[in-house]
Amino acid sequence: MLNLINITHQFADKLLYEELNLQINKGEHVGLIGQNGTGKSTLIKIITGELLPDDGRVEFPKSSHLGYLDQYVRVDEQLSIYDFLKTAFQKDLDVEEQITAYYTAYATEMDERLLEKAGRLQTQLDQGDFYQMDTLIQEMATGLGLQVLGLDTLLKELSGGQRSKVILAKLLLEKPDVLVLDEPTNHLDDTHVAWLTNFLQGFNGTYLVVSHDRDFLNQITTHIADIEFGKLTKYTGNLEKALKQKEANREAYMKQYENQKKHIEKTEAYIRKYKAGSRSTMAKSREKQLDKIDRLTPPSGAARPSYQFPYQGIISTLALTTDHLVIGYDRPLLKPIQLTIRYGEKIAFRGFNGIGKSTLLKTLIGEIPAIDGEFHLPANTKINYFSQELVWQYPLETPLQYLGNLFPKATNKELRRHLSLAGLVNQLAQEPIKDLSGGEQTKVKLAQMTMTPGNFLILDEPTNHIDQEAKESLRESLANYEGTVIVVSHEQDFYEDFVDRIIEMEG
């Protein structure tokens, strides 16, 4: 269903992959994994034709329909959610229109061939999903939590996350032969991730999914495609089985790499020693042999990210109290909130998307005003906030310039150290932020937090784009933090071990 042949691609000075190959067969459910910056999203763009590789080609059957979850696709904002979802059945709607046209023409021309054509098209509609369209739309809307928004709501009134869910719903209703999904769970809560998991498990077609949600990937995959060392390896089995096989392969690769390295070093030493002496012929012969060696890619030198959020002490019993706090924009999203958080507590907020989790956090940091009621933070509270939106005022700035403008007293060495500890080493620190992957952009924001003293950490979906190593490091740092922590995340296995309480937000 999909064939990548000798794909080679370089991004700036960084070689992402060299002669990468991948074959995806009919019915396979493939998860694409790799550390941040290995080029997963770039590969998706190459597959969908948004980007041309430097070399190699992409093949799939001409008759097959490839559906891609593009969260930034342009839509008619005047359409309601329901009308937009109906466009998933556009081909059938066009057929119905053609049937009507044939009958209209027959009324004046009385040509029996028109009835025959209309009959054939009618059979086509009868055999498809057209007459279940309303039911299928309602089921999809319920499964992905769109019903609560109201299907008559216009697209222009939706947030970015809500719009992403609507676009996902339309794509799933289209039932393409090959589905390509890039981080489909980013804007879904636990309930809707479970629904999507169930849907994809029963999906008869073929799909390729990029996701950093390990539990989700583990449940929906029959194969794993892993990008590492500029190459792609395909494993049979779900994520758990693939990672075991990968570890065994990695150990074998490292032995092979070390042996080759020793051989090269030994040969180079011999050439240097005898190139100009009596054994020069032998030395030149070995030099030619060395030139022909297919050198293995060295292992990644990137160290595991390490996040340390500077703590600024404060003496207080309570970290936050609310008194009939009403949050929202034009209208209240929830009933008045009565909430008390003790100082040093670690809290997770949970609830479906659109319920108001991000709105509550933005109210607490003063980004949007409360509609009614009030909240109290003790004196000397210093909030260190992570926003899930990857929006930059100056996207052409490098991470080094971005942090330098925020912390003008910091030396270049300090800035580089914080970026390196966040997982952005060497060249990445000097590339425009817009050219970085979603995970790398997230690490820029986490590096900023490691330079911001505080005693109250508030994090809104910090794990959306980051790889497993960064996720584990972030979890450890939050668990060890001396101050108060509020985290919103759709990944329960990320926060459940370190939080003291989970607060459900409903109605």
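Residues numbered from 1 in each chain as written. Predicted model: local features only at pLDDT ≥ 70, side-chain atom pairs only at ≥ 80, totals over all residues. Heavy atoms only, no water.

1. Quick notes on helix α6 (residues 160-174)
Helix length check: α6, at 15 residues, gives a terminal C-alpha distance of 21 Å against a target of 21 Å (1.5 Å per residue), a fit within 8%. Across the 15 residues of α6, 13 count as buried, placing the element largely inside the fold. Note on α6: the residue one or two positions beyond its end, Lys175, has a positive phi of about 50°. (Helix = DSSP H or I, 4+ residues; strand = E, 2+ residues; numbered from the N terminus. Expected span 1.5 Å × (residues − 1). Buried < 20%, exposed > 50% of the residue type's maximum accessible area, 1.4 Å probe, protein only.)

2. Concerning the pattern of salt bridges
Pairs can form between side chains of opposite charge whenever their charged atoms are close. Following the criterion strictly, the structure yields 18 salt bridges and no others. A salt bridge links Lys170 to Glu174; the shortest N-O distance between them is 2.7 Å. In this pair, Lys170 and Glu174 are both assigned in helix α6, 4 residues apart and thus about one turn of the helix distant. As a salt-bridge pair, Arg350 and Asp190 come within 4.0 Å of each other at their nearest N and O atoms. Taken as a pair, Arg350 in strand β12 (residues 346-350) and Asp190 in helix α7 (residues 190-201) lie far apart in primary sequence, 160 residues in all. Judged by its relative accessible area of 19%, Arg350 is buried. The partly exposed category is assigned to Asp190, whose relative accessible area is 22%. (Salt bridge = Lys/Arg side-chain N within 4 Å of Asp/Glu carboxyl O.)

3. Some thoughts on the side chain of Thr322
Locating Thr322 in the fold gives a position in strand β10 (residues 318-326). In this structure the side chain of Thr322 is engaged in a polar contact, spanning 2.7 Å, whose partner is the backbone oxygen of Ile337. Here Leu339 takes part through its backbone nitrogen, which lies 2.8 Å from a polar atom of the side chain of Thr322. Each residue touching Thr322, except ones within four places of it in the same chain, is listed here: Ile337, Gln338, Leu339, Glu374 and Phe375. (Polar contact = N/O pair within 3.5 Å; in protein donor to acceptor, adjacent residues only side chain to side chain. Contact = heavy atoms within 4.5 Å.)

4. Some remarks on the sheet that holds strand β11 (residues 340-342)
Strand order in the open sheet formed by 3 strands is β11-β10-β13, with antiparallel pairing between adjacent strands. The two strands at the open ends of the sheet, each matched to only one other strand, are β11 and β13 (372-376). Between one strand axis and the next, the sheet turns by 5° as a mean value, whatever way the strands run. Summarising the sheet, β10 and β11 pair through 3 bridges and their orientation is antiparallel. Bridged to Leu320 within β11 is Ile341. (Pairing = 2+ DSSP bridges. Axes fitted to C-alpha atoms, helices over the stretch in contact; angles between N-to-C directions.)

5. So, the nonpolar core
With 52 residues, the main nonpolar core has Ile81, Leu85 and Leu146 as its most contacted residues. Here this core takes 7 residues from α6, the largest share from any one element. Those residues in contact with Ile81 that sit more than four places away from it in its chain are Leu146, Leu149, Gly150, Leu151, Thr153, Leu155, Leu158 and Val166. (Core = buried A, V, L, I, M, F, W, Y, C linked by side-chain atoms within 4.5 Å.)

6. Structural notes on the domain arrangement of the protein
What the domain assignment lists for the protein is domain 1 (253-291) and domain 2 (318-504). A C-alpha centroid distance of 52 Å is found between domain 1 and domain 2. (Domains from an automatic or database assignment.)

7. Let's talk about the confidence of the model for the protein
Across the protein, the average pLDDT comes to 89, with 98% of residues at or above 70. Confidence, read as mean pLDDT per element, is least for helix α10 (residues 280-291) in the protein (85) and greatest for strand β15 (residues 456-460) (97). (pLDDT = per-residue confidence, 0-100.)

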